[in-house]
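# A closer look at the structure
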Amino acid sequence: MTALLLVCALLACALAPMFLRPPAVSSRGSVRQARLVSRIDSLLPQTQCGECGFAGCRPYAEAIAGGKADIYLCPPGGPVTVRQLEQLLGRSPAHPARGPAATPATVVAHIDEDLCIGCVKCVRACPVDAILGAAGQMHSILPAQCTGCDLCVAPCPVDCITLVPAAGKSQWQWPRPVSTMAATA
Amino acid sequence: MTEPMVISSPHRHVGITVRGVMVRVAAALAPGILVYLWIFGPGVLIQCVLAMATAVATEALILRWRGRPIRTALGDGSVIVTGLLLALCLSPLTPWWVTLMATVFAVALGKHAFGGLGQNLFNPAMAGFVFVLLCFPAPMNKWPAVPAAGAPAPGLMNSLGVIFVPKAEAVDAVSGASALNHMKSRLGLMEMVSEIRSDPVYGNFGGRGWEWIAMAWLAGGVALLVLGVIRWHIPAAFIAGMTCVSGITWLMNADVYAAPVFHLATPGAMLGAFFIATDPVTAATSDRGRLAYGVLIGILAGLLRIWGIYPDGIAFAVLIGNACAPVIDRYTQPRVLGVAG
Amino acid sequence: MIRELHAFPGGLPLAHYMEWTCGEESLLQPLPARIVLPLQQHIGLPATPIVNMGDKVLKGQKIAAASGYVSVSIHASTSGTVTDIGDHPAPHPAGITARCIVIEPDGEDHWYDIRPVDEYTTVDPRRLQEVIRDCGISGLGGAGFPAHVKINEGVENAVDTLIINGVECEPYITCDDRLIQEKASYVVAGTRMIGHAVQAKHRVIAVESDMPAAYAALARLVGDDIELVQVPARYPAGGEKQLIQVITGKEVPCGGLAIHIGILVQNVATAAAVYRAVTRGEPVVSRYVTVAGAVPRPRNLQVLLGTPVTDCLRTCGYEPQPGERIILGGPMMGQHLRSTDVPITKTSNCILVQQEPEPAVELPCIRCGNCATACPIRLLPQQLYLDTRAGNYDAARQHHLFDCIECGCCSYVCPSHIPLVQYYRHAKSHISAEERRRDGADHARSRFEARNDRLRADASAETQRESAGNTASANSEYVRAAVERTLARRQARDAGPDGETGSHD
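Once that is clear, we can look at the confidence of the model for chain B. Residues and elements named next belong to chain B. This prediction gives chain B a mean pLDDT of 88; 93% of its residues lie at or above 70. Looking across chain B, the model is least confident in helix α9 (residues 168-174), with a mean pLDDT of 64, and most confident in helix α5 (residues 96-108), with 96. The ipTM value of the predicted complex is 0.88, and its pTM value is 0.85.

Now the structure itself:
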């Protein structure tokens, strides 16, 4: 009889966490959480493009920290960001098929000045104020500030904005040597 | 369309390959094997062939299973040297199944379970040797008798018979104790070293016959040093460590403890110093680290020989040294140029 | 005083094959059909063109100005017409094009009106710096660091020792050897000029022990003011850090510069270029190039910058063939060329032709330690390789990845034929790209947050105005109040101290 009671007590202890609500986050826990969000945010590319489904990089970082979002949803970050997030969060590397396949080429927006009507819609859409312009005045992209997020392309009523490869410092990197001893399977 | 490969400097190479290193090591073992053959008969050659064949077969199977290119991996010759060294540590009269099990363990668990060439933590030959030593101590203890002291060295058919159809009487007819075993058991009977040494089992320095093999291993080791295949740090440190331990004990009581020369004139010590402890994959990498590593193994081997229950403690000493190598590496990293020292 | 020399760790005793090219007089490479001058032939920002297409230029005329401090100007190598300013093949391991100015020579080779600096010993060192910068001088030993920056740092900080580097340690290359033999007076005079510009306490010219003719040529000209030193031939004794260690025994601090320990190093060709710049006002328009290896007539050439490599090879009797590798530089640090249609630049010291080596299979590392023994910086190439292979770039950086000089000693001795230098180059370019990306992202984030703050401020100002009354009337009230304030201010100003109405702004 005692043995049976003991076993039931042990089972109850083991299964209890499944049914009890988690305790309210302590202030120390929320500070840690905020720090984690900042650290995740510092790894994201800050294009604020919304391709992950969240309203910007910080909301996405908050969602990852809260366990509500996957870490494979950021195309501008490319596989480099995925890997850095894996390392930060202590996750084991996923099969390469998950997440963005390649780091996207750096692009900047370009306005065709012959078509621009000065409607200011793109100026309002840019999350980093990389477009100079006022109503009725020519709009210009500041290439050094542009992150290539493409949020300005859709609002333009005359489709005068395109994304072109970023000029300036070469994007070429030395490739990693390919080892022939890798598994052939 | 694949991009043409980007080629980086340097555009020259000194010309050494892993296979070249392995071939030189095998060549340096040849004199010792010949002396072994001469004194103790063809048993050693049979063991070598058996071990090498098993090693190659095991590695080929495992590579196939892992999906790695077989010809490239086997082509580097490292597993052949593993088999050879293992066979040379075992007695020439070891039953075939003991050799087989030792080799399979060495290649499969000692090497490939860690990831293959360059990834193993423990010396595969020593891992295999210790495995069979712990599991099957009796067959491992059958050493050939020295020809002058007892029966002549077994011939080819006799050796084949002993190895492949091990019947107790046949084995006993040709076996005796190794010099170390002899010394240990007689010391255990409270006899004095000087009395024990007068037994015809012993030659000028160590066991009769065995000391010649040890000299041959020494010659091979020096050849490797001269060729630049190994550096002097590990052999020198190992010999120094072992000499220290045996020297101090001998100086304390020459009747109970054998002289350092006796210990160094054993094939185990010379093979260990120049061929086993110098295995680059499992040893420390910096020169200072190698000195520490060699001394550690030498001291441990000396201590285990004197106070351990097994006659030869080099295998255990090497394995312990292997386990310590990463820590040794971490604390003996050279000072980078320009860093305040 | 015989200086005591020290040794540097690691290194390799490589055969030099100098006898093929160092004994013969250098040839003048004829004018090519087209001169292609990349805007970036140095470390730093590319130069900015100051000519347009169709302009006629003279030899030595500045055609591109330095962009900022760490940059160098480009001059026309010969007189002719500018036919293009755009992307053309330039020396690059992946064959990527670079922005270049293309000149079609008119065959006259007419010089620009160049002016010397008179009496340089009495001239302010800063004037010398300007001349050096105007004449487009960057490190002609192969690194390409702007010379005026180095010399300026030397003027700002105390220079104990000036070392002029004539130590050609890479096999086959003898261009500096030939330069010294033919123009030793330029080198010695240039040394004195740089020594004066930086007020160096000691001046040293260093050559390798297997360069006896060069040594003899210099020995005739150096007085008590310059020490001539012969350094034991060992690769890479000509590397800046290694040479400093051999000559002074001091180590350049990790991540630091030689000037931090009071030493300035310049190449012999740079010193000769300084001489030309000061005594004639002549900018850098040509350089010595060794053509060696599997060519019928190996030779040193004096080549106008912008000459295609193909032309230089043809002078030595060679046409590119399949199965042969063409390298711009030496066998240890040279750059592989996919096409010989690239120009000679300020950093091209050698064109080497060798048989395409057997493709080597990269085996796993057997931890033999040959690489660490050979490394002249005492790095742990094995550790760096493992870190890079695992993608652990932070660990690689902590293990001093950026102190690697990419000399190639480690790859040369690796029994597993691991292309170690390529792993390190990959890691370095990955880390640099990551840093640029991270800086860009941080910058974008701060702009994004500033924008959000601004929008929030505007929105709260709007709600404040709304809460004061209904939007339209509150707005017009706000506007009316602003207009009244302005009128009042204007009346007060126009009334002024004299009480008269004045004109509007």
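What follows covers the sheet that holds strand β6 (residues 74-75) of chain C. For sheets, the rule is that strands pair by backbone hydrogen bonds, running either parallel or antiparallel. Residue and element names in this part refer to chain C. Strand order in the open sheet formed by three strands is β3-β5-β6, and the pairing between neighbours is antiparallel. Across the chains shown, the open sheet's two edge strands, defined by having one partner strand only, are β3 (48-49) and β6. As judged from the two bridges shared by strand β5 (residues 62-65) and β6, these two strands associate in the antiparallel manner. Bridge pairing in β6 places Lys62 opposite His75.

A few words now on helix α12 (residues 210-227) of chain B. Residues and elements named next belong to chain B. Relative to the 26 Å expected for 18 residues at 1.5 Å per residue, α12 spans 26 Å between its end C-alpha atoms, a close match to the ideal helical length. Buried within α12 are the following residues: Trp210, Glu211, Trp212, Ile213, Ala214, Ala216, Trp217, Leu218, Gly220, Gly221 and Leu224. Packed against the buried residues of α12 are α1 (18-40), α10 (179-188), α13 (233-252) and α15 (267-276). Count one or two residues on from α12 and you reach Gly228, which has phi positive near 80°.

We now examine the domain arrangement of chain B. Residue and element names in this part refer to chain B. Domain assignment breaks chain B into domain 1 (17-176) and domain 2 (203-332). Distance between the C-alpha centres of domain 1 and domain 2: 20 Å. The interface of domain 1 with domain 2 comprises 28 residues on the first partner and 26 residues on the second. Contributions of two or more residues to the side of domain 1 that touches domain 2 are made by α1, α4 (78-89) and α6 (124-135).

Turning to the sheet that holds strand β7 (residues 80-89) of chain C, a few remarks are in order. Residue and element names in this part refer to chain C. Spatially, four strands are ordered β2-β8-β7-β4 in an open sheet, and the strand pairing comes out antiparallel. The strands lining the two open edges of the sheet, one partner per strand, are β2 (35-38) and β4 (56-57). Strand direction decides the pairing type here: β4 and β7, joined by two bridges, are antiparallel. Directly across from Lys56, in β7, lies its bridge partner Thr81.

Moving on, we come to the interface of chain B and chain C. The partner chain C presents 44 residues to the 31 residues of chain B that form the contact. Partitioning the side of chain B that touches chain C into residue classes produces 15 nonpolar, 13 polar and three charged.

Let us now look at the pairing of strand β9 (residues 161-166) of chain C. Residue and element names in this part refer to chain C. Burial of β9 is extensive: six of the six residues sit out of reach of the surface. Of the two faces of β9, both are covered, the one formed by Thr161, Ile163 and Asn165 as well as the one formed by Leu162, Ile164 and Gly166. Of the strand pairs in this sheet, β9 and strand β10 (residues 202-208) are connected by six bridges, and their pairing is parallel. In the sheet register, Thr161 faces β10, and the bridge partner there is His202. As judged from the five bridges shared by β9 and strand β12 (residues 263-267), these two strands associate in the parallel manner. Note that in β12 the partner of Asn165 across the bridge is Asn267.

Rules used in this analysis
Residues numbered from 1 in each chain as written. Chains lettered and ligands numbered in written order. Predicted model: local features only at pLDDT ≥ 70, side-chain atom pairs only at ≥ 80, totals over all residues. pLDDT = per-residue confidence, 0-100. Helix = DSSP H or I, 4+ residues; strand = E, 2+ residues; numbered from the N terminus. Pairing = 2+ DSSP bridges. Expected span 1.5 Å × (residues − 1). Buried ≥ 20, exposed ≤ 12 C-beta atoms within 10 Å, placed from the backbone. Contact = placed C-beta atoms within 7 Å. Domains from an automatic or database assignment. Nonpolar A, V, L, I, M, F, W, Y, C, P; charged D, E, K, R; others polar.

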